[in-house]
Amino acid sequence: MPGASTGTVQVSDPLNFWAGKRVEPRQQKNAEPVFEPATGDFKGWAIYQKCINVKISDCRFSHEKREKIAKLEVINNGKSITEALVDIDIAWQCIEYYAGLAGALAGQHVQLPGGAFAYTRREPLGVCVGIGAWNYPFQIAAWKSAPALACGNAMVFKPSPFTPVTAVILAEIYKEAGVPDGLFCVVQGGAETGTILCQHPKVAKVSFTGSVPTGKKVMEMSAKGVKQVTLELGGKSPLIIFKDCDLENAVRGALMANFLTQGQVCCNGTRVFVQKDIMPQFLEEVVKRTKAILVGDPLLDSTRMGALINKPHLEKVLGFVSQAKLQGARVLCGGERFVPSDPKLVNGYFMSPCVLDNCRDDMTCVKEEIFGPVMSVLPFDTEEEVVQRANNTTFGLASGVFTRDISRAHRVAENLEAGTCFINNYNISPVEVPFGGYKMSGFGRENGQVTIEYYSQLKTVVVEMGDVDNYF
């Protein structure tokens, strides 16, 4: 798709990547042996580390390749080219990070009485399944495959049917880097394909990113085969802004917490709690900045917000705004379908970023995940009050606090029930830092050294150096 540009793109190339090459899908129902190519004999992390460390840099430092992949991701997803370039960089960082960790996988030596000893060793799980989401297609494929391969596993990856393209590009990059055929395969499909993957007896683990209802189904299907599961699910995260904050940074943080990838980010801080003393100043500034966000052609460098993923989702997000107004919220800006001036984009799925005021905790827009560019702003008085309100949710993916009081910052971070808490920032994703949820936002972690534990299993070896005690 090198010549693809603004408008409608028709994908004609096959997008299944199997045994080292693109293949046409099989037509017979449930006929494809979706795991077999990945179960061949290989030397685990040693091959991965050697291939990635030696050859991946040839791909990574090609400016032209980085730009092409980012452009494909824009066409794939609709996000701005500015964000897509960052996603590609984060994906490369993840691959290189786990290539570095691969050689450091280690166990423990335990000295036992009488000269005996024991040791532990980390071993691969086998075939792992990765099921990706449509908001960060290329990045999620890297986040799941890099630690899996580093631990000596094979991975069969199923991207979202809404964003099928760039996972195949990652597979071709792995192939180019020397990763053995079948170690990373891509299979396209929807719910039926996901069901086959979760239930197949040769699969040892499933890592899923997506909605809570689908995550529950993945967990249920995987449980029948007692498979390990990592779930990174939805969120309705709180962002707490105290009156002693640096207001400029707090406004920037609120924008980053709500409008990246057209608001389609699971860890977004969409419940913005602002201490009453600074509410007027905050609203004035955040509305001014939100109105200035340039919506339009995502392939243009000047664009800051592209198109939502599809028409049904756009209508769903606009429906949340309409419902919020009926329940008493006030729309300070945006919340409407946006029609770009480019005639090729007039039927695109664009909307203007929205700020809602006069919100209450019992409103639908405050309780449910919207997954669109809609910020709900709520006032608060005291720290104790706002922490209780922030935790009053079934979700627990992320949270944030803006304050100059370092003691308060750490105290609030400790008391918030979420897998991540950002202090004086929001929505940064270093690959060295674990990411995952509390409560119904899932379990398990992606990124960071701890993820090695979720893609490996621990074997204990006990060694006797003397005679065996015999009670018989």
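In this text, all values refer to a predicted model and were calculated from it rather than measured experimentally. (Residues numbered from 1 in each chain as written. Predicted model: local features only at pLDDT ≥ 70, side-chain atom pairs only at ≥ 80, totals over all residues. Heavy atoms only, no water.)

Participant: With reference to specific residues and values, describe the packing of aromatic side chains.
Facilitator: All told, the structure shown has eight aromatic pairs when counted by the stated rule. Ring plane angle 85° and centroid distance 5.4 Å describe the contact between Trp134 and Phe371, whose orientation is recorded as edge-to-face. Placement of Trp134 in the loop between β5 (127-131) and α4 (137-150) and of Phe371 in the loop between α11 (364-367) and β14 (374-380) is noted, with a sequence separation of 237 residues between them. Each of the two residues, Trp134 as well as Phe371, counts as buried. (Phe/Tyr/Trp six-rings, centres within 6.5 Å; stacked < 30°, edge-to-face > 60°. Helix = DSSP H or I, 4+ residues; strand = E, 2+ residues; numbered from the N terminus. Buried < 20%, exposed > 50% of the residue type's maximum accessible area, 1.4 Å probe, protein only.)

Participant: Which residues make up the layout of surface pockets, and what values do they have?
Facilitator: Rolling a probe over the atoms, with the probe sized like a water molecule, indicates the empty space that remains. Here the largest pocket is characterised by a volume of approximately 940 Å³. Every residue lining the largest pocket is counted, 37 residues in all, and those nearest its centre are Trp134, Phe208, Gly210, Ser211 and Thr214. Elements supplying a minimum of two residues to the lining of the largest pocket: α6 (191-199), β8 (203-209), α7 (212-223) and α10 (311-326). By residue class, the composition of the lining of the largest pocket is 19 nonpolar, 13 polar and five charged. (1 Å grid on protein atoms, 1.4 Å probe; cavity = no way out; pocket = protein on both sides within 12 Å on 5 of 7 lines; lining within 4 Å. Points joined across faces, edges and corners; volume = space filled by probe spheres on them. Nonpolar A, V, L, I, M, F, W, Y, C, P; charged D, E, K, R; others polar.)

Participant: Account for the packing of α6 against α7, with residues named and values stated.
Facilitator: Where α6 contacts α7, the two axes come as close as 8 Å, and the packing angle between them is 35°. Crossing hand, α6 versus α7: right-handed. Residues Thr195, Cys198 and Gln199 of α6 form the contact with α7, whose participating residues are Val218, Met221 and Ser222. Tallied by class, residues from the contact of α6 with α7 come to three nonpolar, three polar and no charged. (Axes fitted to C-alpha atoms, helices over the stretch in contact; angles between N-to-C directions. Left-handed = near helix turned anticlockwise from the far one by under 90°. Contact = heavy atoms within 4.5 Å.)

Participant: Outline the UniProt feature "active site" (unreviewed entry) in the protein chain, supporting the account with residue identities and numerical values.
Facilitator: Using the residue numbers shown here, the UniProt feature "active site" (unreviewed entry) corresponds to Glu232. Position of Glu232 among the secondary structure elements: in strand β9 (residues 228-232). (UniProt positions renumbered as here; feature names shortened; annotations may be inferred.)

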